[in-house]
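A look at the structure
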Amino acid sequence: MSNLRNVLHLRPIRSMNYARFLTAVSAARKPSPIRILTELQQRSPPSLISLAGGAPNPNTFPFQSASIKVKGGEALVMDEPLMKRALQYSGSYGIPELLSWMKDLQKSLHNPPTAGYSSERGQMEMCVTTGSQEGLCKIFEMLVNSGDNVLLDAPTYSGTLAALQPLGCNLINVASDQHGMIPADLRKILERWDPADAQKPGSSVPRVLYTIPNGGNPTGASMTCERKQEVYELARKYDFLIIEDDPYYFLQFQKVSSSDLSLYSQRPWAPTFLSMDVDSRVLRTDSFSKILSSGLRIGFITGPKPLVERVVLHIQASTMHTSTFTQLMVSQLLHNWGPGGFLKNKLIYILDGFLSFSPVCFVDVAEWHPPMAGMFLWIKLKGIKDTQQLIMERALEKEVLLVPGGVFNINSSDPCPYVRAAFSLSTPQQIDEAFRRLADLIKDAM
Ligand code: PMP
């Protein structure tokens, strides 16, 4: 992984002008003087006496300490001093111990272009977000103006559409299949523009491409390394940024025996856009929602420092920071596990997920591609033009709940013969039964 750039013969050719990517709102954001003090305080020795900031006194709070049992491992103990910290405001980038742990992990998994997080070509940076949804919203606010052309491969995550569409941008749909975005279609779309115009003020050349590279939501599709490479080369040619939204990265299925846990050290995960980035043009969003807890709301942005810094200004002005309590809880868990323990733990999850995944064949009435990652099956119902009414009205009567595919399209009212089925929560027996009910329903409708 670490020498992927060499393998692909990618060399830095361009120095990035990040200012041209920022919206007026983002460019106008100023650092909060109070938040800067909080960051400073977070990194200072306990002997520092702070009369700054507007932090309340945690001695007046009702909570004292906490002990959280961890399955098969050491308990997490929040003694009184730690609890006081957990209940207090913290810096907008995230708490230092969680950030440094994550920077080490990102470095080992993706070797970001300026790994070590500082180099002549500009530094890489990370920040914690309240789930990757917050990260995506803030990235779009930072980069997308009304009227901008934005590239993505729909059907796509409805939360992304919800964040992008109100910004008044023009969403350009790049065709995709079970291997993700199709580079040939992207190239054809981009041929409308002259790459030489990309840098010109007011140019309509797209400046942002969004994609979900693994276990796409809703399609379950995972992009091949070759396709990523082609997309990346187009990003360089037309000078656009790639938003790599990868919450299903750790849910990539491996066809290996669950007894062969030594495999975790071989990094079985697909090479990422971040790992092939040489220009610092990839902003990657990660999430702990699918692997540690969705309720804790912990996500991360990794990318070029000038852009992550801007996102942090958006955070300063809105949520201020992700819950200190949940960050400390996760950080303790990760430090107890260590990076090897984390990866091993996640591989077990992947194997379990793969082994319990057994979709029932209902080939007469539907078509689908088995996903290699994520939580979703994207199913085309034969002989059905649009699944909206079938699912929202009739499926409920049969007591089976799915999502009609239209909600993942740019124009949600376009007829869509697909449904999204999540296989993460149900037992194989429940999945079998749900598909039986769905098959009956389709046969009735046909
Ligand atoms: N991106 C994608 C593709 C998703 O599927 C989701 C959650 N369903 C998110 C982002 C947001 O996840 P979270 O905020 O919980 O990290």
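Residues numbered from 1 in each chain as written. Predicted model: local features only at pLDDT ≥ 70, side-chain atom pairs only at ≥ 80, totals over all residues. Heavy atoms only, no water.

Focus: the overall build of the chain
Within the chain, the secondary structure is distributed over 14 helices and 15 strands. The burial tally for the chain puts 51% of its 446 residues in the buried class. Considering only residue pairs separated by 6 or more positions, the chain has 75% of its internal contacts joining residues 24 or more positions apart. For the chain, the computed accessible surface area is about 19,900 Å², with 53% contributed by carbon and sulfur atoms. (Helix = DSSP H or I, 4+ residues; strand = E, 2+ residues; numbered from the N terminus. Buried < 20%, exposed > 50% of the residue type's maximum accessible area, 1.4 Å probe, protein only. Contact = heavy atoms within 4.5 Å. Areas by Shrake-Rupley, 256 points an atom, 1.4 Å probe, with all protein chains shown as cover.)

Some words on a nonpolar patch on the surface
The grouping of Ile 36, Leu 37 and Leu 40 at the surface amounts to a nonpolar patch, some 260 Å² of accessible area in total. The exposure class assigned to Leu 40 is exposed, which follows from its relative accessible area of 53%. (Patch = residues over 30% accessible without salt bridge, like charges linked within 9 Å, V, L, I, M, F, W, Y side chains within 5 Å. Salt bridge = Lys/Arg side-chain N within 4 Å of Asp/Glu carboxyl O.)

Some details on the sheet that holds strand β8 (residues 208-211)
If you trace the seven strands from one edge of the open sheet to the other, you get β3-β11-β10-β9-β8-β4-β5, paired in mixed fashion. Unpaired on one side and paired on the other, β3 (124-129) and β5 (170-173) mark the two borders of the sheet. With strand direction ignored, the average angle separating the axes of adjacent strands in the sheet is 20°. One ladder, built from four bridges, connects strand β4 (residues 149-152) with β5; its direction is parallel. When the sheet's bridge partners are listed, Val 150 is paired in β5 with Leu 171. (Pairing = 2+ DSSP bridges. Axes fitted to C-alpha atoms, helices over the stretch in contact; angles between N-to-C directions.)

Topic: empty space enclosed by the protein
Following the criterion strictly, the structure yields one cavity of 30 Å³ or more and no others. Volume-wise, the largest cavity comes out at about 100 Å³. Residue lining of the largest cavity: 13 residues in total, with Asp 153, Pro 155, Ile 212, Gly 216 and Thr 219 positioned closest to the centre. Looking at the lining of the largest cavity residue by residue, the class counts come to four nonpolar, seven polar and two charged. (1 Å grid on protein atoms, 1.4 Å probe; cavity = no way out; pocket = protein on both sides within 12 Å on 5 of 7 lines; lining within 4 Å. Points joined across faces, edges and corners; volume = space filled by probe spheres on them. Nonpolar A, V, L, I, M, F, W, Y, C, P; charged D, E, K, R; others polar.)

Some remarks on the packing of helix α6 (residues 131-143) against helix α11 (residues 305-316)
Relative orientation of the contacting elements α6 and α11 amounts to 105°, with a least axis distance of 9 Å. On the basis of the axis angle, α6 is roughly perpendicular to α11. Contacts between α6 and α11 pair Glu 134, Lys 138, Ile 139, Glu 141, Met 142 and Leu 143 from the former with Leu 307, Arg 310, Val 311, His 314 and Ile 315 from the latter. Looking at the contact of α6 with α11 residue by residue, the classes come out as six nonpolar, one polar and four charged. (Parallel < 35°, antiparallel > 145°, perpendicular 65-115°, else oblique.)

Re the domain arrangement of the chain
Under the domain assignment, the chain is made up of domain 1 (19-37 + 89-345) and domain 2 (366-444). Here the C-alpha centre of domain 2 lies 28 Å away from the C-alpha centre of domain 1. With 23 residues of domain 1 at the contact, the number on the domain 2 side is 15 residues. For the pairing of domain 1 and domain 2, the buried interface totals around 1,600 Å² over both sides, and the portion due to carbon and sulfur atoms is 67%. Summed over the shared surface of domain 1 and domain 2, the result is zero salt bridges. Run the count over domain 1 and domain 2 and you get four residue pairs in polar contact (both at pLDDT 80 or more). Secondary-structure elements contributing two or more residues to the side of domain 1 that touches domain 2 are α7 (158-164) and β5. (Domains from an automatic or database assignment. Buried area = accessible area lost by both parts, 1.4 Å probe. Polar contact = N/O pair within 3.5 Å; in protein donor to acceptor, adjacent residues only side chain to side chain.)

Things to note about the side chain of Gln 327
Looking at the secondary structure, you find Gln 327 in helix α12 (residues 324-355). Of the residues examined, Gln 327 reaches a relative accessible area of 0% and is grouped as buried.

Structural notes on unusual backbone geometry
Cis geometry marks the peptide bond from Ala 154 to Pro 155; its omega dihedral reads 5°. For Pro 155, the location among the structural elements is in the loop between β4 and α7. With an omega of 20°, the peptide bond between Asn 217 and Pro 218 qualifies as cis. Tracing the sequence through the fold places Pro 218 in the loop between β8 and α9 (225-238). The phi torsion at Ser 280 lies on the positive side, around 65°, for a residue other than glycine.

Some remarks on the site of the ligand
Around the ligand, a shell composed of 14 residues is seen, among which Ser 132, Asp 245, Tyr 248, Ser 287 and Ser 289 lie nearest. In the model, a nitrogen atom of the ligand is placed 2.7 Å from a nitrogen or oxygen of the Asp 245 side chain. Protein burial of the ligand: of its 400 Å² of free accessible surface, 91% is covered by the chains. Per element, the largest residue contribution to the shell around the ligand is four residues, and it comes from α6. Residues belonging to the shell around the ligand are distributed by class as follows: five nonpolar, six polar and three charged. (Near = heavy atom within 4 Å.)

Focus on helix α14 (residues 428-445)
Relative to the 26 Å expected for 18 residues at 1.5 Å per residue, α14 spans 26 Å between its end C-alpha atoms, a close match to the ideal helical length. Within the span of α14, buried status applies to Ile 431, Phe 435, Leu 438, Ala 439, Leu 441 and Ile 442. Down the axis, α14 shows its buried residues gathered within 165° of arc, on one side only. The outward face of α14, more than 90 degrees from its buried face, is lined by the exposed residues Gln 429 and Asp 444. Elements in contact with the buried residues of α14: β13 (376-381), α13 (388-397) and β15 (418-422). (Expected span 1.5 Å × (residues − 1). Arc of directions from axis to C-beta.)

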